[in-house]
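Tertiary structure, described
The chain contents come next:
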Amino acid sequence: MSPLARLFALPIRAYRLVLSPWIGFNCRYQPTCSAYALEALERHGALRGGALALWRILRCNPWGGCGYDPVPPKPGEPPPEG
């Protein structure tokens, strides 16, 4: 993970440690939005991963979708099996 992606991941990790236990499990998607964001940052880097994470958070609302929504593979990477 790049240094900028690590920096972007700090508030997400803080949320998971501090706020998430108090708020409870409220995500409409699987994996959760915070897990999705961390995976997107790790797989795609700070800019594209951050954009994917932001788009996912914007879609997580009462009028958005729900269900299984994995992080897309990098260009040229085979899709996940299953």
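Residues numbered from 1 in each chain as written. Predicted model: local features only at pLDDT ≥ 70, side-chain atom pairs only at ≥ 80, totals over all residues. Heavy atoms only, no water.

Under an unreviewed UniProt entry, the name given to the chain is Putative membrane protein insertion efficiency factor, and the source organism is Rhodovulum visakhapatnamense.

**Focus: helix α3 (residues 46-59)**
For the record, the criterion: Comment: elements are numbered from the N terminus, with helices defined as DSSP H or I runs of at least four residues and strands as E runs of at least two. The length a helix should cover is 1.5 Å for every residue beyond the first. Relative accessibility under 20% of the residue-type maximum defines a buried residue, over 50% an exposed one, and the middle range a partly exposed one, all with a 1.4 Å probe and only protein chains included. What the arc covers is the set of directions going from the helix axis to the C-beta atoms. Pairs of residues are marked as contacts when any of their non-hydrogen atoms sit within 4.5 Å.
An ideal rise of 1.5 Å per residue puts 20 Å on 14 residues; α3 measures up with 20 Å between its terminal C-alpha atoms. Within α3, burial applies to A46, G49, L52, A53 and R56. For α3, the angular spread of buried residues about the axis comes to 140 degrees, placing them on one side. Residues of α3 that are exposed and point more than 90 degrees away from the buried face comprise L47, L54, W55 and L58. Along its buried surface, α3 packs onto α1 (3-23), β1 (29-30) and α2 (33-44).

**Examining the pattern of salt bridges**
For clarity, the threshold we go by: Within this document, salt bridges are pairs made up of a side-chain nitrogen of Lys or Arg and a carboxyl oxygen of Asp or Glu, the two lying within 4 Å of each other.
If you walk through the whole model with that rule in mind, you get four salt bridges. A salt bridge links E39 to R43, with the nearest nitrogen and oxygen atoms 3.0 Å apart. In this pair, E39 and R43 are both assigned in helix α2, four residues apart and thus about one turn of the helix distant. D69 serves as the salt-bridge partner of R59, at 2.9 Å between the closest nitrogen and oxygen. Placement of R59 in helix α3 and of D69 in the segment after β2 (67-68) is noted, with a sequence separation of ten residues between them.

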